[in-house]
Amino acid sequence: MTWPVTATGAVPKTMQAVVYRGANDLRVETLPVPRIGPADLLVRVAACGVCPTDIKKIQHGTVSPPRVFGHETAGVIVRVGARVRGFGLGDRVALHHHVPCRQCHACRHRAYAQCATYKRTGITAGYEPAGGGYAQYVRVRSFVLPGVVKIPLRNTLLEGAMLEPVNTALKAVRRLTVQRGDCVLVAGQGPIGLMFTGLLALAGVRVLATDLMNARLECARHWGATQVVRADDPRGAERIERWTRGRGLDAAVLAVPSDELVQQALAWVRGAGQVLLFAHTRRGSCAQVDLAQVCVDEKDLIGSYSSDVTLQEEVARLVFQRRLDVRSLITHRFPLEQTAEAVRLAAHPTPSSLKVVVEQFP
Ligand SMILES: [Zn+2]
Ligand SMILES: [Zn+2]
């Protein structure tokens, strides 16, 4: 089946969906195609990236079943609510499942990820809304339409599916106060770490990239890292010292959830430098911190989580004009029925795997 067929309105009554039924339990089931309201869209899913935050929920069973996960989604609009303006049947779109209200106290402070509206997931394939990208069709609720972006014809739907993760990385980069020529460590060169390396390199920042896999360090060079160091290099600290000419790092981005690394990074950044946590999403993980590093040395320990819809246009430009060419990140594509395998691979990366995507049609 190709998209023009369904774009003409021939939407079936039922669809295949991968339903989370408990920890490590994903099942292919038949669900009704979601009904939409007058201000919503129905999108036939073409591609959906496998995201580490979903992997965590699936593996540890941290949320109640049943749900249909998947939120790095691109597809084709097959139904348009009567009140929707600006979108039409057949439009190829990238979706955005969290959009803030832009009016509440949190939003006035630009703390969008803390907004109550933002925390509501606006895209569903049925059950408790959880993104729904591992299904054939999703309902896109009216309140997340401001995040929906049309994909230019020259770009692939796969590129569209990468907007959401790139957005999260750019949001985090914006929290850094670094300047051109500054020295920043990016720890972890998985798909997200490589996006950080690429975005920082585009901003003229010098990146020292670390990882345990040599293949990923090779990729990091390709993405603009000026220096690569194995994460288990016993002389790592010395090499950072030499690379920064004794001044220390201006910032460190931790795209791996290592607690030990938090302490190390705090030691490696200069006075008034920043350590940004991006992968510490599990509650309860603790690290000893010398608080005088924060008070006396004025080092910032900060975090960033999820996306910022106000960056969406800029993200779309970066990706679609290929200044940040994400195509090489996608190394593995699985059909919908093999979503469980896709999740397994993404959870246990190999030297040849980066971004894993569930793809239903090109
Ligand atoms: Zn994600
Ligand atoms: Zn708000």
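Residue positions are given per chain, counting from 1 as you read along its sequence in written order. As a convention, the first chain written is A and the first ligand written is 1, with the rest following in written order. Only residues with pLDDT of at least 70 get local features here, since the model is predicted, and only at 80 or more are side-chain atom pairs given and counted; chain-wide, interface and lining totals rely on the full set of residues.

Trainee: Help me understand the overall build of the chain in this model?
Mentor: Runs of H or I in DSSP of at least four residues are treated as helices and runs of E of at least two as strands, each being numbered from the N terminus. Scanning the chain from terminus to terminus reveals 13 helices and 16 strands. Here the chain has a C-alpha radius of gyration of 21 Å; the compact-globule value for 362 residues is 21 Å, and the two agree. A buried classification covers 49% of the 362 residues belonging to the chain. Contact between two residues is assigned when their C-beta atoms, built from the backbone, lie within 7 Å. Within the chain, contacts between residues at least 6 apart in sequence are counted, and of these 67% link residues at least 24 apart. For this measure, only C-alpha atoms enter the radius of gyration; the expected value for a globule follows 2.2 Å times N^0.38, where N is the number of residues. A residue is called partly exposed when the number of other C-beta atoms within 10 Å of its own lies between 12 and 20, exposed at 12 or fewer, and buried at 20 or more, with C-beta atoms placed from the backbone.

Trainee: Hey, could you run me through the packing of helix H6 (residues 163–173) against helix H7 (residues 191–202) in this one?
Mentor: Between two packed helices, what matters for the description is the angle formed by their axes and the separation of those axes. Lines fitted to C-alpha atoms define the axes here, with helix axes fitted over just the stretch in contact, and angles between the N-to-C directions of these axes take values from 0 to 180 degrees. With their axes 9 Å apart at the nearest point, H6 and H7 run at an angle of 55° to one another. When the axis of H6 is compared with that of H7, the two are oblique. As H6 runs across H7, the sense of the crossing is right-handed. Residues Pro 165, Val 166, Ala 169, Leu 170 and Val 173 of H6 form the contact with H7, whose participating residues are Pro 191, Ile 192, Met 195, Phe 196, Leu 199 and Leu 200. Split by residue class, the contact of H6 with H7 holds 11 nonpolar, no polar and no charged. Roughly parallel refers to an angle under 35 degrees, roughly antiparallel to one over 145, roughly perpendicular to one between 65 and 115, and oblique to any angle outside these ranges. Two helices crossing with the near one rotated counterclockwise from the far one by less than a right angle form a left-handed crossing, whereas a clockwise rotation gives a right-handed crossing. Residue type decides the class: Asp, Glu, Lys and Arg count as charged, Ala, Val, Leu, Ile, Met, Phe, Trp, Tyr, Cys and Pro as nonpolar, and the leftover types, Gly among them, as polar.

Trainee: Where do I start with the packing of helix H2 (residues 52–60) against helix H13 (residues 339–347) in this structure?
Mentor: For the pair H2 and H13, the least separation of the axes is 10 Å and the interaxial angle reads 110°. Accordingly, the angle class assigned to the pair H2 and H13 is roughly perpendicular. Contacts between H2 and H13 involve Ile 55, Ile 58 and Gln 59 from the first element and Val 343, Ala 346 and Ala 347 from the second. Across the contact of H2 with H13, the residue classes tally to 5 nonpolar, 1 polar and no charged.

Trainee: Looking at this structure, I do not really get the nonpolar core. What am I missing?
Mentor: A general tendency of soluble globular proteins is for nonpolar side chains to be buried together. As used here, a nonpolar core is made of buried Ala, Val, Leu, Ile, Met, Phe, Trp, Tyr and Cys residues. They are joined through C-beta atoms within 7 Å. Val 43, Val 184, Ala 252, Val 253 and Leu 254 are the most contacted members of the largest nonpolar core, which totals 116 residues. Segmentation into domains, and thus their bounds, comes from an automatic or database assignment. If you count residues domain by domain, this core takes at least three from each of domain 1 (3–165 + 307–359) and domain 2 (176–303).

Trainee: Is there a simple way to think about the confidence of the model for the chain in this case?
Mentor: Residues shown with low pLDDT carry predicted positions that ought not to be read at fine detail. Scored between 0 and 100, pLDDT is the confidence that the predictor attaches to each residue. Here the chain averages 96 in pLDDT, and 98% of its residues register 70 or above. Contacts of residues 1–8 to residues separated by more than four positions or lying in other chains number 14 contacts, the stretch itself having pLDDT below 50.

Trainee: How should I be thinking about helix H8 (residues 214–222) in this particular structure?
Mentor: Side chains three or four residues apart in an α-helix point the same way, a direct result of the helix having 3.6 residues per turn. Within the sequence span of H8, burial applies to Arg 216, Cys 219 and Ala 220. Along the long axis of H8, the arc covered by the buried residues comes to 105°, so they all point the same way. Exposed residues on H8 whose side chains face more than 90 degrees from its buried face are Asn 214 and His 222. Of the surrounding elements, those touching the buried residues of H8 are H7, strand E10 (206–211) and strand E11 (227–230). The reported arc concerns the directions from the helix axis to the C-beta atoms and nothing else.

Trainee: What is the right way to look at unusual backbone geometry in this model?
Mentor: Leave glycine aside and you will find that most residues have negative phi; peptide bonds, for their part, are mostly trans. Omega for the bond connecting Pro 65 with Pro 66 falls within 30 degrees of zero, at -5°, which places this linkage in the cis form. Its location among the elements puts Pro 66 in the loop between H2 and strand E4 (72–80). One non-glycine residue, Asn 24, lies in positive phi territory at about 55°. If you trace the backbone, Asn 24 turns up in the loop between strand E1 (14–22) and strand E2 (25–32). Residue classification places Asn 24 among the partly exposed positions, given that 14 C-beta atoms sit within 10 Å. At Glu 298, a residue that is not glycine, the phi angle is positive and equals roughly 55°. Mapped onto the elements of the fold, Glu 298 is located in the loop between helix H11 (291–295) and strand E14 (300–303).

Trainee: Hey, could you run me through the domain arrangement of the chain in this one?
Mentor: The figure often quoted for interface size is the accessible area lost as the parts come together. On domain assignment, one finds that the chain holds domain 1 (3–165 + 307–359) and domain 2 (176–303). In this structure, domain 1 and domain 2 have C-alpha centres spaced 29 Å apart. At the junction of the two partners, domain 1 supplies 11 residues and domain 2 supplies 12 residues. Each residue belonging to the side of domain 1 that touches domain 2 can be placed in one class, and the counts come to 6 nonpolar, 2 polar and 3 charged.

Trainee: Explain the sheet that holds strand E13 (residues 269–277) here, please?
Mentor: Strand pairing in a sheet relies on backbone hydrogen bonds. The paired strands run either parallel or antiparallel. Two strands are said to pair when DSSP picks up at least two bridges between them. Judged by pairing direction, the sheet is parallel, and its 6 strands sit side by side in the order E11-E10-E9-E12-E13-E14 without closing on themselves. Lying at the two open borders of the sheet, with one neighbouring strand each, are E11 and E14. Each neighbouring strand pair of the sheet contributes to a mean axis angle of 20°, computed without reference to strand direction. The sheet contact formed by strand E9 (residues 183–187) and strand E12 (residues 249–254) spans 4 bridges and is parallel. When the sheet's bridge partners are listed, Val 184 is paired in E12 with Ala 251. Relative to E10, H8 is tilted by about 165°, and along the sheet it contacts E10 and E11.

Trainee: I tried to follow the environment of Gln 321 on my own but got confused; where do I start?
Mentor: Structurally, Gln 321 is set in the loop between helix H12 (312–320) and strand E15 (330–334). Remark: the alpha-carbon pair of Gln 321 and Arg 154, spanning 167 residues in sequence, is separated by 9.5 Å.

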